[in-house]
Protein chains: 4
Amino acid sequence: MIKVGIVGGTGYTGVELLRILANHPQVKVEVITSRSEEGVHVADMFPNLRGRYDLRYSIPSVEVLASCDVVFFATPHGVAMSMAPELLERGVKVIDLGADFRIRDLEVWSQWYGMEHTAPDLAAQAVYGLPEINREQIQNAQLIACPGCYPTATQLGYFPLLENKLIDHRRLIADCKSGVSGGGRGAKVGMLMCETSESMMAYGVPGHRHLPEIKQGLADVAERPVHLTFVPHLTPMIRGIHATLYGVLKDPVDHDLQAMFEARYANEPFVDVMPAGSHPQTRSAKGSNMCRISVHRPQNDDTVVVLSVIDNLVKGAAGQAVQNMNIMFDLAETSGLETVALMP
Amino acid sequence: MIKVGIVGGTGYTGVELLRILANHPQVKVEVITSRSEEGVHVADMFPNLRGRYDLRYSIPSVEVLASCDVVFFATPHGVAMSMAPELLERGVKVIDLGADFRIRDLEVWSQWYGMEHTAPDLAAQAVYGLPEINREQIQNAQLIACPGCYPTATQLGYFPLLENKLIDHRRLIADCKSGVSGGGRGAKVGMLMCETSESMMAYGVPGHRHLPEIKQGLADVAERPVHLTFVPHLTPMIRGIHATLYGVLKDPVDHDLQAMFEARYANEPFVDVMPAGSHPQTRSAKGSNMCRISVHRPQNDDTVVVLSVIDNLVKGAAGQAVQNMNIMFDLAETSGLETVALMP
Amino acid sequence: MIKVGIVGGTGYTGVELLRILANHPQVKVEVITSRSEEGVHVADMFPNLRGRYDLRYSIPSVEVLASCDVVFFATPHGVAMSMAPELLERGVKVIDLGADFRIRDLEVWSQWYGMEHTAPDLAAQAVYGLPEINREQIQNAQLIACPGCYPTATQLGYFPLLENKLIDHRRLIADCKSGVSGGGRGAKVGMLMCETSESMMAYGVPGHRHLPEIKQGLADVAERPVHLTFVPHLTPMIRGIHATLYGVLKDPVDHDLQAMFEARYANEPFVDVMPAGSHPQTRSAKGSNMCRISVHRPQNDDTVVVLSVIDNLVKGAAGQAVQNMNIMFDLAETSGLETVALMP
Amino acid sequence: MIKVGIVGGTGYTGVELLRILANHPQVKVEVITSRSEEGVHVADMFPNLRGRYDLRYSIPSVEVLASCDVVFFATPHGVAMSMAPELLERGVKVIDLGADFRIRDLEVWSQWYGMEHTAPDLAAQAVYGLPEINREQIQNAQLIACPGCYPTATQLGYFPLLENKLIDHRRLIADCKSGVSGGGRGAKVGMLMCETSESMMAYGVPGHRHLPEIKQGLADVAERPVHLTFVPHLTPMIRGIHATLYGVLKDPVDHDLQAMFEARYANEPFVDVMPAGSHPQTRSAKGSNMCRISVHRPQNDDTVVVLSVIDNLVKGAAGQAVQNMNIMFDLAETSGLETVALMP
């Protein structure tokens, strides 16, 4: 059994890791940390886990975590980069669900995250954990930077178009809608049910931390810097991201976009290209690691519209982290991730 | 008291007219029709109206409706155009909340609505009831085509930019999110709570009936045909439309967009330009006739993002219809429409 | 115009007072206080109020509040009893939406609210502001203790049965369901949308602060102490209380319960006895000051079931407070309270 | 592999069977029927199943179903009793998720279900599939009547109290709250999101079909007829039942109710007695087969309050059906049912 540690186990990505790993046949969670909940049983925090774990929160300690084969960081930015170096030195693999190692240009990182990066060497080694573009590097990685939720949905939607140089890299618009679990489990007035339910709003229009991450990923496949307008919206549901992606065809001739998308993802276990004309619902991915995508060209005009949906806590966080772990440890990539989405 | 008739009083726009008119000081609803609910008291259908009306549904009859000063049609397309001619002849003013008179090009109308137009003369006379652009014509109109919900939010958001010729008319993208009440009160599996709650989806990407209506309105102010990509989304909330509107500045110099928007709507009682940097929530308009707008230029790049929110049943339907009536009968434009949005 | 002050204007009952009073024709809100938001415009906190008030939060000061004719306290317990004495001395009427003056037995009060009562004389004078039982005393009151939300729905449902001595006063069960706005606007993890949406739970089963208040009110009409089991539930909606009330008929002969309920509330503007066989929905009261009630006797057995619904923020708080004010100032009791519930 | 057939595969219990069985290691779904969707791929109806099944709806046929080892009926009442006889004759085991075989007294059955029972012999043989009371009979059963959702939550909550003769069998009150998926997937106005969201209502107070079923089950363990008042409520969430159960202690001395409940369910894999003082949330069971229970005695008075929560589609329907199948086929009782509830 692979010994797993989780740093930061009281937030939504932490409990989601516990939910997924509870049914993973090759894994045992040995350590879970929380400064505020030391000594508390995980099932007392999260009753859905009753009977599934005999595990209490402990204070994060490199000593203890070093006994694990792999440590997940489900923490705010800044935590992973402070603890990862020592763990890696001791031969522990590290998968960061936070933002510390997602952006290669550390000046850009500092500008968006408001602090100095304290582990620049690791940032250079870290592999961006999006299997659909980096599977081989992930296999040999010691340190994974798990993509953000918006970046996952957005990149998977844009890849076929940009890889094939079909759309103008200067005219990208990602209009994204996220459920409120993306806002985390912190006690904030703005995330109360009274404030978020029965309402829709954009936020972060002047700039959101996922913008540079998405641009980096798209630039890599476009092989040039891209212009992207990214507008996230807070949507009155718990889980799910719906990315509506716009691109302008450089050459508005006839393209078989459907075939191109299907070919691109034919061997991907967690990307499902829907039939032509489909409109995927976020709930078709709820609780599962699937990304469902459809591609449209309205009125056969020069604008392409891609619809890409994921569960932000699964393919957008904990599920993708486990997918990375499976690849790193040479397990079946779908191990522990066979859950069917909950519908209705 | 102005005598009001309502044709089609069992849907959500019908009951919303009743809710608004219950507190309108210069109006009395005399007739309300429904083929299926003949004889039923309105308060037995809609208990929120108990004690407010002494009114039963009757079979629609021109004879009876002709005793009214104004008749609202809250009906599917096709109904208003069949009854309006006779009512207008008898001197009754007509306000159609449906789609029969919204589009001037009747070939386009037929193509999107799948039937022949049976009152082409009236279509030519009808005034498009968006007071923010047509107030003077509305004052003297006999027949009003009330705008659709998406078209209201979208046009109000784009007007200042297009009137000032600031953005490229060939690169318009309207990514719109609507609450489920926009889908009506019909018994459809797809609108069950189990199907729509806790999920987000786009629909009608290949083409939606509001597309030609929006294009017509934007073309009028742009003074040339526009290219528009319009993607509506079904959002898990009852009321509200959030339009996220994208435009590309023709000349990316410094513009005081905030001042331009504030000036454009300075005298409008139902358009509220929010302070710079704002992100309006749909709930800030819930139950009220307000449209709240903010304008952004992310990273000072060449893309402008306008956020425009309304309550689809009020400013997007029944409230706007009453606003039109107020203008037509020379009442205070806000009469009956002073409701403050319900928050939380 | 009656000059109004509001102490504690940033919570949900505070903003609800502002919403209601915005359209009250005989009232002007002159002062609103908040320690944390001093200087902030009310419309910057609550955008639904934009254009309706020219009012900023100020630090609470008896000096300033004394210029008002009436002061509402929308505060946690303990605040009103500290400021009310001086205000009353200066001739200002006080309406407390909190719990300070609801319970006559101050030992009981202290036990449930965990502090000493500092104004016992006032507690003795305060009138319990439930107009349906205390209208005359309210007319001459200087100090009103506005009932809690659960107590309002529960007492109105039980009154006809207990006044007529029909049910066993030792076997009362009130199973109540409240929307999450009852939990207030404080930043608490347990009130996040992710924690409360899509779930139902009971809380406070061992004891809830509204229990002694309900028992006091029911004992008054029963003319003896009552046994009551009260179980509140947190329901995944923003507004609304649904009280399901059980009683055991002392004499299980034929009773015309429907007629008894209708007669009891025939002249009440804000209690609506629904037709026999009805099941009122909380949404039929949403945003309005109505309490809707139906009474059932399933299978003609000896158990009576009363269903009583209100909007917890209106009839359960701010609306009832305004109703009290109207009575105290000899205004039409419905002034400012004519809003029709928002449906859908 | 056990060959499974499902009759009635387009409703919510049908698709839930497919979701659960997709990950059941010893089972293969061979046939699924639907008259209206013949020929349609299950994944085209329910995209969460894409990639998990190669299965199309077929017209129900005993011929075809007879090739299965077990057939589940996820159908309205009346269907199972017409097809079960022939299937049983051919040696196929039958598990009815509907109501045809739940009630032993067929006169009572006819009265509540409005039709004659056409298979009275089978009704006499059928085993009521509540493993926590009937495990042994289930092992040898050929025909299982799966309990209703309310009856499951209610009986599991009352069993320990009634088996121990602690509470008065004449004074039972079950106040139950169900998510809207209990209302099925039919196109009904009353189940639209606009009608059910943001509202709470009781329904069926004069009488609900689950009443006689619950009474039968409680009478069995009480060993005498019981008086029960049962009030179901429609709750604005998709999944979940919260049963709040009231009983009156016959002898109000000190009882260790907590220990009694824990002992009763110590060996039950799907009943979780929560720690003393707990208030289970329905979401702690969402998507899982768990029933979570807590027991309270407020103010140490003579009333006991039991809180019992399940997912109505799992332990209240499809999950319980699979649990029955596991027992009948001597599989591990938890096989396919290890899913952890989705939180948040």
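What you see is a predicted model; the values in this text were computed from it and never measured.

Undergrad: Help me out: how do you make sense of the relation of the copies chain B and chain D in this one?
TA: With an RMSD of 0.0 Å, chain B superimposes on chain D once it is rotated by 180° and translated 0.0 Å along the axis. Taken together, the rotation angle and the small translation identify this as a two-fold axis. When the interface residues of chain B are mapped onto chain D, 100% of them again fall at the interface, so both copies present the same face.

Undergrad: What should I look at first to understand the relation of the copies chain A and chain B in this one?
TA: What relates the pair of chain copies is a rotation about an axis plus a shift along that axis. The two copies are related by a screw operation: chain A maps onto chain B through 180° of rotation and 0.0 Å of translation along the axis, at an RMSD of 0.0 Å. Mapped onto chain B, 100% of the interface residues of chain A are again interface residues, and the two copies thus contact each other with one and the same surface.

Undergrad: Looking at this structure, how should I read the interface of chain B and chain D?
TA: Many descriptions give the size of an interface as the accessible area lost when the pieces come together. Taken together, the contact between chain B and chain D spans 20 residues of the former and 20 residues of the latter. Buried area between chain B and chain D, both sides added, is near 1600 Å², and the carbon and sulfur share of it is 73%. Looking only at chain B, the three residues that lose the most surface to chain D are L192, M193 and C194 of chain B, adding up to 41% of its buried area. The interface formed by chain B and chain D contains two salt bridges. Residue E195 of chain B is joined to R185 of chain D by a salt bridge in which the shortest nitrogen-to-oxygen separation is 3.9 Å. There are four residue pairs in polar contact (both at pLDDT 80 or more) connecting chain B and chain D. It is helix α9 (residues 193–196) of chain B that contributes the most residues to the side of chain B that touches chain D, four residues altogether. Classifying every residue of the side of chain B that touches chain D gives eleven nonpolar, five polar and four charged.

Undergrad: Just to check I follow, could you spell out unusual backbone geometry for this structure?
TA: The omega torsion across M343 of chain C and P344 of chain C is 0°, close enough to zero to call that bond cis. Along the polypeptide, P344 of chain C turns up in the segment after α12 (314–328). Phi is positive for K165 of chain B, close to 55°, though the residue is something other than glycine. Note that K165 of chain B resides in the loop between α8 (149–163) and β8 (172–178). A positive phi angle, near 60°, is found at D330 of chain D, a position not held by glycine. Structurally, the position occupied by D330 of chain D is in the segment after α12 (314–328). Judged by its relative accessible area of 66%, D330 of chain D is exposed.

Undergrad: Sorry if this is basic, but what is going on with the pattern of salt bridges here?
TA: Side chains that carry opposite charge are capable of pairing whenever their charged atoms lie near each other. Inspection of every chain in the model, using the stated rule, returns 80 salt bridges over all chains. The shortest N-O distance in the salt bridge between E333 of chain C and R135 of chain C comes to 2.9 Å. With E333 of chain C in the segment after α12 and R135 of chain C in helix α7 (residues 131–139), the pair connects residues that are 198 residues apart, well separated along the chain. Accessibility expressed as a relative area gives 23% for R135 of chain C, which makes it partly exposed. Taken together, the salt bridges that share partners define one network made up of E16, R19, R239 and D311 of chain A.

The rules behind the values
Residues numbered from 1 in each chain as written. Chains lettered and ligands numbered in written order. Predicted model: local features only at pLDDT ≥ 70, side-chain atom pairs only at ≥ 80, totals over all residues. Heavy atoms only, no water. Least-squares fit on C-alpha atoms with pLDDT ≥ 70 in both. Contact = heavy atoms within 4.5 Å. Buried area = accessible area lost by both parts, 1.4 Å probe. Salt bridge = Lys/Arg side-chain N within 4 Å of Asp/Glu carboxyl O. Polar contact = N/O pair within 3.5 Å; in protein donor to acceptor, adjacent residues only side chain to side chain. Helix = DSSP H or I, 4+ residues; strand = E, 2+ residues; numbered from the N terminus. Nonpolar A, V, L, I, M, F, W, Y, C, P; charged D, E, K, R; others polar. Buried < 20%, exposed > 50% of the residue type's maximum accessible area, 1.4 Å probe, protein only.

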